[in-house]
Amino acid sequence: MAIVKGNSPRRREVRRSLSRPTGHRGLWWRQPEVVWPVVFALAFTLVAGMVTLWARAQPRYAVDQVVSQPIVARVEFTALDQERTQQRRELAAARVPPVYTPNDTYLSQIQNKLEHLGRLAADEAAVTFDKLPHDTVQSLQLTPEAFASARELVRDKSPAGWKELSDQFINRLRFFALLSPQQFDTETNLDRNPAQKITIRQGEDAVQTRHSMELFSTRGDNANLRAELYGVSAEVFGRSALADAATKLVTSSLAPTIALDEERTRLLREQERRSPEHDVRTTYQPNDLLIRAGRQLTRLDLELLAEERAHYRDALGAVHTWLVLPARMLVVGLVAAALWIYCCLYYPRIPRNPMRGLAITAVMIFAQLAAVGLTLWQPSLTTVTINFPALVAVMIFSIAYDRRLALTIGAMLTLLLVVSLDLPPAAALVTLTGVTASAIQLREVRYRSKLVMTGLWTGIAMSITAAATGLAFGPLQLADQISRIASDTIAAFLTGVAAGMVVQVVLPGVERGFKVTTALTLKDLNDASNPLLQRLVQEAPGTYQHSLRIADMAEAAAEAVGADGLLCRVGAMYHDIGKTNKPQYFVENQGEGPNRHAKLSPAMSLLIIVGHVKDGIEMAREYGLPRDVRHFIESHHGTTLVEYFFHAARQQRDAEGREAPEEFEFRYPGPKPQTREAAILMLCDGVEGAARAMSEPTPMRLEQLTHTMANKRLMDGQFDQCPLTLRDLSRVEAAITKTLCAVYHTRNKDPDAKKKEPASQTGPRARSA
């Protein structure tokens, strides 16, 4: 905070400490505040631009996805008419006759029986039919006439000739279309077998075709089947009783003579499907309808869209390579430039810290990549895949920085997703609603349930927006559109809740990654059971009580100006932990004991007093205190002057006839407070020590003390590096005075008490220490 004043010694000292301009007007671009934003903007443009180009080159549809808007052709192209081609292919495949093969098991049984009959006919011992076993007669379906005919045929042909006739009969049966009832019904049904014929195949060369009228079923016995079998038998054995016996032999144990070869049938039909002669090609003109609204996409639809996309890129040619792609990269670059210009203007600490810039860039790119990858993986769940990464990123930035930066990053991320995924305005509006609702709720996180409640209210806001945009802009004329709007509404609500729960889980990692301290961590540090506070209680109880009083004052003063009161309280509890190394050298821990500084020189006393700041920082690092809390330890004295020992040293040197010491030799090393909270703690620390030394702390005297101390720190330049304004300082004084009056309130004296209280035994030297 700057103050307009004359040409004072303090102002001349400040002027001397300021760096002089170099005179080189072109060196501004070498400053880290310029270099790092440019580096991160270029890196963000390169990576996010590549993700954008990759995302727009990928198909954004999936099988079974329902499109809400019609898809039309952008260029003229000739493509395979997938639907008609598929119909022709299926029809051609269905017309391929099924393939059957002989039922060798059944035919072998019949052949064995015929060979048995031949052996009986050639056996001279069986002179008459009456001598044949009854079981044999039944098995072979013999009659006396058939047996006589067989014997006569064996005598004429010999056993080898009989074997030849048997094989000939079996070969005729191999191509006889005798089917099971189920197969017969299937092959004679026009819908199931449009070809109305079958193919009987034995080996690779022996192939015969049978039409549906030539098919027979094993279901019962019928005259047509017996007549057809008798005709086959008569062609081999002649029209005799033997032909009738062969017919009975087949019909007695009726079974299919052929069986369906499913694998060969499938291969032939698949081969017919792939035949290019069934392809139907159609020429589409620009704005011709490709996919109607409300259609559930199939694999063939995706192939048609891929064909149109390929022709569109080919039609653009060099324009796509040299104009479209660079233009898209430029759009991403504009988003990156807008983000970093905003950070440079309103958050200069981010450009000055490369790790902060790297973290912001990495989180935004990761959120974009997650949204793009999930959307391309599950295009039907865009309400979840787009909003979930954006909400998580915004909640992280709200916790790590503040709501204003989180809102800006959320808006830029939404714009980036619109460019990457070509989102409709309704989807972008839902995302912006979720981003805004989550950011404005996360001013601070003091309870674990805060993130869950943030996610809950964010989900409610998003679900309302999703329902409103769906009803306002959705194609309600399509079937099931209301149910889709309802599912999107539920998905939006669950996305908000899930984002809050996930951020709650990753919160410790966020604190470590961004080096921030949340209210949850501060509450843990404020617990009296903390080991460092326990050590302070045991080794420096007076300092602990001093810290408690300052904590109350600092918290009230911080809340009066809208600062972080919890951070002030925790900083006050730990600001003097360095005094545990030498507690007896500080007045609040001496009690009625001797003053340790009485036997020390002013310079040695100064080293001990100033050393508690350095000792406190080392202890803070040892116990892992956050950087925000460590800043209270190193800056609670700033660069103030240790006045008592400075004046004591001056008197000592005057008495010895030496040159008086310089002020800077008796000042704390600093740094000065960089935040409003640290400045408030510095003021509270000084006021509390002075108020404790007052004999009669009346409200008026306390108010005057606070105002004097504030002006003293102000004129000493201790508030120059923090954003504390004069208005804030006035409110801080009022809050500190109010707290002091509550602590040092006036009490009614006991009438029997002494009229004059004894003088304080605490010397000024100890009080100053």
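Every value quoted in this text rests on a predicted model; they were computed, and no experiment measured them. (Residues numbered from 1 in each chain as written. Predicted model: local features only at pLDDT ≥ 70, side-chain atom pairs only at ≥ 80, totals over all residues. Heavy atoms only, no water.)

Student: Summarise a nonpolar patch on the surface; cite the residues concerned and give the values.
Tutor: Among the surface-exposed residues, Val 35, Trp 36 and Val 39 lie close enough to one another that they form a single nonpolar patch of about 210 Å² accessible area. Inspection of the secondary structure assignment puts Trp 36 in helix α2 (residues 32–57). For Trp 36, a relative accessible area of 32% gives the class partly exposed. (Patch = residues over 30% accessible without salt bridge, like charges linked within 9 Å, V, L, I, M, F, W, Y side chains within 5 Å. Areas by Shrake-Rupley, 256 points an atom, 1.4 Å probe, with all protein chains shown as cover. Salt bridge = Lys/Arg side-chain N within 4 Å of Asp/Glu carboxyl O. Helix = DSSP H or I, 4+ residues; strand = E, 2+ residues; numbered from the N terminus. Buried < 20%, exposed > 50% of the residue type's maximum accessible area, 1.4 Å probe, protein only.)

Student: If you had to explain helix α9 (residues 241–252) to someone new, which residues and values would you point to?
Tutor: In this model, α9 (twelve residues) spans 16 Å end to end at C-alpha, consistent with the 16 Å of a helix rising 1.5 Å per residue. Those residues of α9 lying buried are Leu 242, Ala 243, Ala 245, Ala 246, Thr 247, Leu 249, Val 250 and Thr 251. Where α9 is buried, its residues contact α4 (104–122), α5 (134–140), α6 (144–174) and α8 (223–237). (Expected span 1.5 Å × (residues − 1). Contact = heavy atoms within 4.5 Å.)

Student: Got a sec to walk through the packing of aromatic side chains? Specific residues and values, please.
Tutor: Counted by the stated rule, this structure contains eight aromatic pairs. Ring geometry for Phe 176 against Phe 216: centres 5.3 Å apart, planes inclined by 5 degrees, an arrangement best described as stacked. Of this pair, Phe 176 sits in the loop between α6 and β4 (178–179) while Phe 216 sits in strand β7 (residues 216–217), and the two are 40 residues apart along the sequence. Neither Phe 176 nor Phe 216 differs from the other in exposure class; each is buried. Geometrically, the ring pair formed by Tyr 342 and Tyr 347 is tilted, given 6.1 Å between the ring centres and 45 degrees between the ring planes. Each member of the pair, Tyr 342 as well as Tyr 347, carries the same accessibility label: buried. Every member of this aromatic cluster is reached through a ring pair, and the members are Trp 36, Phe 40 and Trp 340. (Phe/Tyr/Trp six-rings, centres within 6.5 Å; stacked < 30°, edge-to-face > 60°.)

Student: Go over the sheet that holds strand β6 (residues 206–211), please, and point to the residues and values.
Tutor: Strand order in this open sheet of four strands is β6-β5-β3-β8, and the pairing throughout is mixed. Two strands in the sheet have a free side with no partner beyond their single neighbour: β6 and β8 (258–260). Taken over all neighbouring pairs, the strand axes of this sheet differ in orientation by 35 degrees on average, direction set aside. Contacting β3 (99–102), β5 (197–202) and β8, helix α10 (residues 262–273) crosses the sheet at an angle of about 150 degrees to β3. (Pairing = 2+ DSSP bridges. Axes fitted to C-alpha atoms, helices over the stretch in contact; angles between N-to-C directions.)

Student: I'd love a proper account of the nonpolar core, names of residues and values included.
Tutor: Core analysis: the biggest nonpolar cluster contains 67 residues, and Tyr 574, Leu 625 and Ile 736 have the highest contact counts within it. No other element matches helix α27 (residues 676–692), which puts nine residues into this core. If we skip the residues at most four places from it in the chain, Ile 736 touches Met 553, Ala 557, Leu 683, Cys 684, Val 687 and Thr 706. Counting residues in each nonpolar core, the second largest holds 52 residues, with Ala 48, Cys 343, Ala 390 and Val 445 among its members. (Core = buried A, V, L, I, M, F, W, Y, C linked by side-chain atoms within 4.5 Å.)

Student: Quick one: what's the story with the packing of α27 against helix α29 (residues 726–743), residue by residue and with numbers?
Tutor: To describe two helices that pack against each other, one gives the angle between their axes and the distance between the axes. It is the contact of α27 with α29, at a shortest axis distance of 11 Å, that shows an interaxial angle of 40 degrees. Between α27 and α29, the crossing angle belongs to the class labelled oblique. The handedness of the crossing between α27 and α29 is right-handed. Side by side, α27 and α29 meet where Arg 676, Ile 680, Leu 683, Cys 684, Val 687 and Ala 691 of the first sit next to Asp 728, Leu 729, Val 732, Ile 736 and Leu 740 of the second. (Parallel < 35°, antiparallel > 145°, perpendicular 65-115°, else oblique. Left-handed = near helix turned anticlockwise from the far one by under 90°.)

By themselves these figures say nothing about function.
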